[in-house]
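# Fold and geometry: a report
Spelled out, the chains give:
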Amino acid sequence: MTRTHDCSQLRDTDIGEEVVLMGWVQYRRDHGGVIFVDLRDQRDITQVVFNPEVSTQVHEKAQAIRNEYVIGIRGKVTARPADMLNPKMSTGAIEVLAEELRIFSEAKTPAFQIEERIEASESIRLKYRHLDLRRPKLKQNILSRHKASMAARQYLDSNGFTDIETPFLTKSTPEGARDYLVPSRVNQGDFYALPQSPQLFKQLLMISGFDRYYQIVRCFRDEDLRADRQPEFTQIDMELSFVNEQQVMEVAEGLIVRIFKDVLDIDLVTPFKQLTYDEAIDRFGLDRPDLRFGLELCNISDIVKDAGFKVFADVVKKGGLVKAINAKGCATFTRKQIDELTDFAAVYKAKGLAWIKVKEDGDWQSPIAKFFTDEEKDNMRQALDMAPGDIVFFVADQPRITNEALGQLRNELARRLELIDDNRYEFTWVTEFPMFEYDDIEKRYQALHHPFTAPMESDIDKLESDPLEAKSRAYDLVLNGIEIGGGSIRIHSTDLQQKVFTCLGIGDEEARDKFGFLLEALESGTPPHGGIAFGFDRLVMLLCQEDSIRNVIAFPKTQKATCMLTDAPSEATTEQLQELAIRIAKPAAATDSPE
RNA sequence: GGGGGUGUAGUUCAGUUUGGUUAGAACGCUUGCCUGUCACGCAAGAGGCCGCGAGUUCGAGUCUCGUCACUCCCGCCA
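Residues numbered from 1 in each chain as written. Chains lettered and ligands numbered in written order. Predicted model: local features only at pLDDT ≥ 70, side-chain atom pairs only at ≥ 80, totals over all residues. Heavy atoms only, no water.

## A word on a negative patch on the surface
A contiguous patch of negative charge, built from Asp508, Glu509, Glu510 and Asp513, is present on the exposed surface. On the secondary structure map, Asp508 appears in helix α15 (residues 508-522). (Patch = residues over 30% accessible without salt bridge, like charges linked within 9 Å, V, L, I, M, F, W, Y side chains within 5 Å. Areas by Shrake-Rupley, 256 points an atom, 1.4 Å probe, with all protein chains shown as cover. Salt bridge = Lys/Arg side-chain N within 4 Å of Asp/Glu carboxyl O. Lys, Arg positive; Asp, Glu negative; His and termini not counted. Charge placed at Lys NZ, Arg CZ, Asp CG, Glu CD. Helix = DSSP H or I, 4+ residues; strand = E, 2+ residues; numbered from the N terminus.)

Now the structure itself:
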């Protein structure tokens, strides 16, 4: 028996033809006489009919069929009776009258039904991933992912990029995320690290003279998971020589345009918007603004710096920020809703959420209204465009907290007020990031992007004089409030690289030890270069309108980084550990021996 | 590491507020009937460690404490 067609192909033009179809049984409908089977394969569903008038033997055999059995049938394509067409099926004009049946494989009753409309909990779906992948949504997501991947490869190939693989077993780096370690048997006691990204290798490739590199590559970070974070994830990674920021962004935009065209048939308009980091923070509070709605933040620090309301005035005096959002027409918010929003802001460390409702007569209803002079009120009214029916929310705190809390509140308000159009795609670049931020816990500067990002030329002097003011040549691409990619122009001189290491508190010795190979390579003739990496899973998630990257990864991990299908990770055998010279020393609390 | 949510039949859930005697529904499953269904229909039936462990109580799915799993978020992570 040889398959002649798949379950998506047959139409009324095929009537009379003898065909062989193979697939899974979606439904069996036994009418006592005639039996209908909806036969499903990857591509679609075709109805098969077992009629005792055609063959009593085959009909009898078909009675044993159950859902998810894998069968093959040979038969004639026939027209359905005129009033029995099924317009819901692409193959609904025909059916195949079975003359021969093979049951390739029986199937246990599945843990959940292979149907879109049937809900199943995430843990069940993960445990039986092979079944979930049979269902339309997940299957479509995986196919979209493939389309996106093919679009990227074709675009990059036709733009002169070379796909070059880089090692997975590589060297641990001190900056950035926690590494996944792999013990070395040949070199007992030593460990490889799985790459957090191929960053250094792609820079080395530029130094090698491959002037346009790309890779769709797995990356590994041993950090806690989120809906949009898995321990292993995929990047579209690229690097170019002899380019500046604008050139990288242009190529990257072309890539995104191509992917949206091929996957969704959407024509995006380029160039994308560009915001500086400072402007993004000022207007939206976050470095990944969602531009699908307004509700911009307003800095009223100057207006309230001398106000009788000490909470505001003191914050400004200590170098903090007072900012506000006007939720137009939302003065109807109840006390309960305001409390919920206050709790929401508290998650981001805001100590409070002040508010002012503007009543219909223009008067303010607010616990804090009495603290302001008429002039301050007028200024606020003007700055915030306050009209009857509005409610304004305020956060006063250190700049970071004010911006983060109010920026997140902005997103939350938009969700609650349903201001977000799910079918819109608002891209923006965010540029001119700071080089460093200060880590209060480790008492040192940390690279906002990574240690190989070049500073803006005009800011090189600030590396020593005022590191926090130095801006970098980094850029992020943000789509609907989600960072989907980021990159930078890199440092291509040893001197500058060493200066940046110094800022980061990486001494000469440590630099030689950890990055010696890079410093060595930089001295061997390095082209100016830069690149970008896209979070492929996140991108596909957005293309598929999913809210978790687990739904676009064939075999994802749980929030505790386990695989419910294979039960990984699991213990190693004593022999394995001996070969690696590893002894397990779990904390005493983990043993369950009685006291 | 911290906070929230969920956990009851194969699956999705109700029941938990206010403890009470036999834990329900839908879908699925099994069997029988049915020659035009397409989420077929009709009839009958099977199916429960109420996540796990302690405790309170005459009595716990329900209350308390602990614990485990899944999930969302903060921290962490670009």
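## Thoughts on the pairing of strand β17 (residues 427-431)
Counting buried residues in β17 gives five out of five residues, a clear majority hidden from the surface. In β17, alternate side chains face the same way, and those of Phe427, Trp429 and Thr431 on one face and Thr428 and Val430 on the other are all buried. Of the pairings in the sheet, the one linking strand β11 (residues 273-276) to β17 comprises four bridges and is parallel in character. Counterpart to Gln274 in the pairing with β17 is Trp429. (Buried < 20%, exposed > 50% of the residue type's maximum accessible area, 1.4 Å probe, protein only. Pairing = 2+ DSSP bridges.)

## Section: the protein's contact with RNA strand B
The environment of RNA strand B is formed by 56 residues, the closest being Met84, Glu95, Arg117, Asp224 and Gln559. For RNA strand B, the backbone makes up 55% of the atoms found within 4 Å of the protein, where backbone means sugar plus phosphate. In this structure, Arg117 approaches RNA strand B through a side-chain N or O atom, which is 2.6 Å from a base nitrogen. The separation between a phosphate oxygen of RNA strand B and a polar main-chain atom of Ala227 is 3.3 Å. Mapped by element, the contributors of at least two residues to the surface near RNA strand B are β1 (18-30), β2 (35-40) and α2 (122-127). (Near = heavy atom within 4 Å. Polar contact = N/O pair within 3.5 Å; in protein donor to acceptor, adjacent residues only side chain to side chain.)

## Looking at the environment of Ala252
Relative to the helices and strands, Ala252 is located in helix α6 (residues 245-264). A sequence separation of 225 residues divides Ala252 from Leu477, and the C-alpha atoms of the two residues are 9.1 Å apart. Those residues in contact with Ala252 that lie beyond four places of it in its chain are Trp429, Ile532 and Phe534. (Contact = heavy atoms within 4.5 Å.)

## What to know about the packing of helix α4 (residues 136-158) against helix α16 (residues 536-543)
Where α4 meets α16, the closest approach of the two axes is 10 Å, and the angle between their N-to-C directions is 120°. Overall, the two elements α4 and α16 adopt an arrangement that is oblique. In the packing of α4 onto α16, the handedness of the crossing is right-handed. Here Asn141, Arg145, Ala148 and Ser149 of α4 lie close against α16, whose contacting residues are Phe536, Asp537, Val540 and Leu543. Partitioned by chemical class, the residues of the contact of α4 with α16 number four nonpolar, two polar and two charged. (Axes fitted to C-alpha atoms, helices over the stretch in contact; angles between N-to-C directions. Parallel < 35°, antiparallel > 145°, perpendicular 65-115°, else oblique. Left-handed = near helix turned anticlockwise from the far one by under 90°. Nonpolar A, V, L, I, M, F, W, Y, C, P; charged D, E, K, R; others polar.)

## Overview of the nonpolar core
Formed by 43 residues in total, the largest nonpolar core has its most connected members in Ile256, Ile259, Phe427 and Phe534. For this core, the element with the most residues is α6, which contributes nine residues. Setting aside chain neighbours within four positions, we find Phe534 in contact with Thr234, Gln235, Ile236, Met238, Ala252, Leu255, Ile256, Leu477, Ile484 and Gly485. Formed by 24 residues, the second largest nonpolar core is a distinct cluster that contains Val322, Ile356, Ala369 and Ala396. (Core = buried A, V, L, I, M, F, W, Y, C linked by side-chain atoms within 4.5 Å.)

## Considering the environment of Val37
Its location among the elements puts Val37 in strand β2. Along the chain, Val37 and Leu417 lie 380 residues apart, while their C-alpha atoms are 47 Å from each other. Residues within four places of Val37 in sequence aside, it is in contact with Val25, Tyr27, Arg28, Thr46, Gln47, Val48, Phe50, Ile65 and Ile71.

## Looking at the pattern of salt bridges
In this structure the tally under the stated criterion is 47 salt bridges. Between Arg74 and Glu18 there is a salt bridge whose closest N-O contact spans 3.3 Å. Of this pair, Arg74 sits in strand β4 (residues 70-79) while Glu18 sits in strand β1, and the two are 56 residues apart along the sequence. Assessed through its relative accessible area of 42%, Glu18 is described here as partly exposed. For Arg145, the salt bridge is made with Asp537, and the minimal N-O distance between the two is 3.0 Å.

## Observations regarding the pairing of strand β9 (residues 212-220)
Both faces of the sheet carry side chains from a regular strand, because those side chains alternate between them. Burial of β9 is extensive: seven of the nine residues sit out of reach of the surface. Of the pairings in the sheet, the one linking strand β6 (residues 162-163) to β9 comprises two bridges and is parallel in character. By the bridge assignment, Asp163 is partnered in β9 with Tyr214. Bridging between β9 and strand β10 (residues 232-241) involves nine bridges; their strand directions are antiparallel. In the sheet register, Arg218 faces β10, and the bridge partner there is Thr234.

## A word on the sheet that holds β9
Neighbouring strands of a sheet are bound in pairs by backbone hydrogen bonds; such pairs are parallel or else antiparallel. Strand order in the open sheet formed by eight strands is β6-β9-β10-β22-β21-β20-β17-β11, with mixed pairing between adjacent strands. Of all strands in the sheet, those with a lone pairing partner are β6 and β11, marking the two edges. Alignment of strand β21 (residues 482-489) against strand β22 (residues 529-535), held across five bridges, turns out to be antiparallel. Bridging from a neighbouring strand, Ser488 pairs with Gly531 of β22. On the sheet, α6 packs against β9, β10, β11, β17, β20 (474-479), β21 and β22 and is oriented at approximately 30° with respect to β22. This element, α16, spans β10, β20, β21 and β22 of the sheet and lies at about 140° to β21.

## Remarks on the confidence of the model for chain A
Averaged over every residue, the pLDDT of chain A is 95; the share at 70 or more is 98%. Below a pLDDT of 50 lies the segment residues 588-595, which in the model reaches zero contacts outside its immediate sequence neighbourhood of four places, other chains included. Prediction confidence for the complex, expressed as pTM and ipTM, is 0.94 and 0.93 respectively. (pLDDT = per-residue confidence, 0-100.)

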